[in-house]
Amino acid sequence: MSRQVGSTKSAVLLSPDNVLDLFHSVDAFLFDCDGVIWKGDKLIDGVPQTLQFLRSKGKKLVFVTNNSRKSRKQYAKKFLSLGITVHEDEIFSSSFAAAMYLKVNNFPPDKKVYVIGEDGILEELKLAGYTGLGGPEDGKKAVELKENKLFEHDKSVGAVVVGLDQYINYYKLQYGTLCIRENPGCLFIATNRDAVGHMTDSQEWPGAGCMVAAVCGTTQKEPIVVGKPSTFMMQFLLQKFQISPSRMCMVGDRLDTDILFGQNAGCRTLLVLSGCTDQSTLEDASNHIQPEYYTSQISDIYKFLGP
């Protein structure tokens, strides 16, 4: 089946009749994590068997997540705790993408990075050779709103990275704002702009998009977005694995990030309905992002092709 990138052609339900077309045309499956592999800390049914089956058939598996709370090493540990072995080199998180954006753009190592986010960003920055400030530690700090009280910030901060942050507070917003507005040339980098995410298995929670929006509002600036649907992570994938995008399939639960990310790069796309997007949203007349295929969850691949 041929596919047009950005086409509004209606998505096709994955079935035993068409799954082989997708399977044989793909060398690598790119999986989102939240809502596809797990919800919170709970695995979605049939995931281990499906991943094992795909590996046994020689398919390359890559995990591409916008969730910046963890580093690649921390994500590898989470997979292992859920009974799945994934090497950290197979994981591309937006926390890693933020650090790599600084690296490829020759960010000066003597400049610091202020983080409105969690440990994953700080760890990836450290691995890339940068000094990170902020993070969960600043979530414990309070501001003093009184006369003649000047809020001090580090003038050597050259970038502010904003991601999902359950510890966000007024202190962090002021610190990041001052760095972006007052430090010459300070970069404003967003890991992603996801509105919500499955932080637990039972419901959606505010995503990094609301933290990014707060900083946009206070600085009146737009960020450099390094996560999906930006093609920045895809450039790294292509460089590392040397696989043509046309031989990859992006599997995700979000139309505006996962599916658009795949389409922007020229990948085949599969939407799963196990996360943020339901069938009514997919079929709504206002939705103009149509995946090539859709199905209930990734275990359908195994169900249609497995023993």
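With an unreviewed UniProt entry as reference, the protein chain is termed Phosphoglycolate phosphatase, source organism Kalanchoe fedtschenkoi. Under the heading Catalytic activity (unreviewed entry), UniProt records this for the protein chain: "2-phosphoglycolate + H2O = glycolate + phosphate".

Counting its secondary structure elements, the protein chain contains 11 helices and 16 strands. What you see for the protein chain is a C-alpha radius of gyration of 20 Å, in line with the 19 Å of a compact globule of 307 residues. Along the three orthogonal principal directions, the C-alpha set of the protein chain runs to about 70 × 40 × 35 Å. The 307 residues of the protein chain split such that 53% are buried. Put simply, of all contacts in the protein chain between residues at least 6 apart along the chain, 71% involve residues at least 24 apart. Carbon together with sulfur atoms contributes 50% to the accessible area of the protein chain, which is approximately 13,700 Å² in total.

For helix α6 (residues 170-182), built from 13 residues, the straight-helix expectation of 18 Å at 1.5 Å per residue is met to within 8% by its first-to-last C-alpha distance of 18 Å. Those residues of α6 that fall on the buried side of the exposure criterion are Tyr-171, Lys-172, Tyr-175, Gly-176, Thr-177, Leu-178, Cys-179 and Ile-180. Where α6 is buried, its residues meet β7 (112-116), β8 (131-134), β9 (157-162), β10 (187-190) and α7 (208-219).

Take the domain arrangement of the protein chain next. Domain parsing of the protein chain yields domain 1 (12-66 + 229-305) and domain 2 (107-225). The centre of domain 1, based on its C-alpha atoms, is set 30 Å off from the matching centre of domain 2. On the domain 2 side, the residues contacting the 11 residues of domain 1 number 11 residues. Here domain 1 packs against domain 2, burying approximately 900 Å² in sum over the two surfaces, 50% of which is carbon and sulfur. When the buried area of domain 1 at its contact with domain 2 is split by residue, Lys-39, Asn-66 and Arg-254 rank highest and sum to 47% of it. Inspection of the domain 1/domain 2 interface yields 0 salt bridges.

The next point concerns the UniProt feature "binding site: substrate" (unreviewed entry) in the protein chain. Following the UniProt record, the feature "binding site: substrate" (unreviewed entry) maps to Lys-228 here. Tracing the backbone shows Lys-228 in the loop between β13 (224-225) and α8 (232-241). With residues up to four places along the chain from it excluded, the contact list for Lys-228 reads Asp-32, Val-64, Thr-65, Asn-66, Asn-192, Met-233, Met-250, Thr-257, Asp-258 and Phe-261.

Within the secondary structure, Leu-178 is located in helix α6. In this view, Leu-178 contacts Phe-151, His-153 and Asn-183; residues no more than four positions away in its chain are not counted.

With that out of the way, let us pick up helix α4 (residues 94-104). Burial within α4 is extensive, with 9 of its 11 residues counted as buried. Restricting attention to buried positions, one finds in α4 the residues Ser-94, Ser-95, Phe-96, Ala-97, Ala-98, Ala-99, Met-100, Tyr-101 and Leu-102. Asn-106 lies just past α4 and shows a positive phi near 55°.

The next subject is the UniProt feature "binding site: Mg(2+)" (unreviewed entry) in the protein chain. In the UniProt entry, the feature "binding site: Mg(2+)" (unreviewed entry) is given for Asp-32, Asp-34 and Asp-253. A compact arrangement is adopted by the annotated residues: their sequence extent is 222 residues, whereas the largest C-alpha distance between any two is 8.2 Å. Considering the arrangement of structural elements, one finds Asp-32 in the loop between β2 (28-31) and β3 (38-39). Polar side-chain contacts of Asp-32 include one of 2.9 Å to the side chain of Lys-228. Structurally, Asp-253 is set in the loop between β14 (248-252) and α9 (255-265). Leaving out residues up to four positions away in the same chain, Asp-253 has contacts with Asp-32, Asp-34, Gly-35, Val-36, Asp-258, Leu-271, Val-272, Gly-275, Cys-276 and Thr-277.

With the rule as written, the count across this model stands at 17 aromatic pairs. Ring geometry for Tyr-114 against Tyr-175: centres 4.3 Å apart, planes inclined by 10°, an arrangement best described as stacked. Remark: Tyr-175 occurs in helix α6 and Tyr-114 occurs in strand β7; sequence separation between them is 61 residues. Like Tyr-175, Tyr-114 is buried. Ring geometry for Phe-151 versus Tyr-171: centroids 5.0 Å apart, planes at 55°, classification tilted. In this pair, Phe-151 sits in the loop between β8 and β9 while Tyr-171 sits in helix α6, placing the two residues 20 residues apart along the sequence. The structure contains a cluster of three or more aromatic residues connected by ring pairs, namely Phe-29, Phe-31, Trp-38, Phe-63, Tyr-75 and Phe-79. In this structure, Lys-59 packs its charged tip against the face of Phe-23, placed 4.4 Å from the ring centre.

Cut-offs applied
- Residues numbered from 1 in each chain as written.
- Predicted model: local features only at pLDDT ≥ 70, side-chain atom pairs only at ≥ 80, totals over all residues.
- Heavy atoms only, no water.
- UniProt positions renumbered as here; feature names shortened; annotations may be inferred.
- Helix = DSSP H or I, 4+ residues; strand = E, 2+ residues; numbered from the N terminus.
- Rg over C-alpha atoms; globule rule 2.2 N^0.38 Å.
- Buried < 20%, exposed > 50% of the residue type's maximum accessible area, 1.4 Å probe, protein only.
- Contact = heavy atoms within 4.5 Å.
- Areas by Shrake-Rupley, 256 points an atom, 1.4 Å probe, with all protein chains shown as cover.
- Expected span 1.5 Å × (residues − 1).
- Domains from an automatic or database assignment.
- Buried area = accessible area lost by both parts, 1.4 Å probe.
- Salt bridge = Lys/Arg side-chain N within 4 Å of Asp/Glu carboxyl O.
- Polar contact = N/O pair within 3.5 Å; in protein donor to acceptor, adjacent residues only side chain to side chain.
- Phe/Tyr/Trp six-rings, centres within 6.5 Å; stacked < 30°, edge-to-face > 60°.
- Lys NZ or Arg CZ within 6 Å of the ring centre and 35° of its normal.

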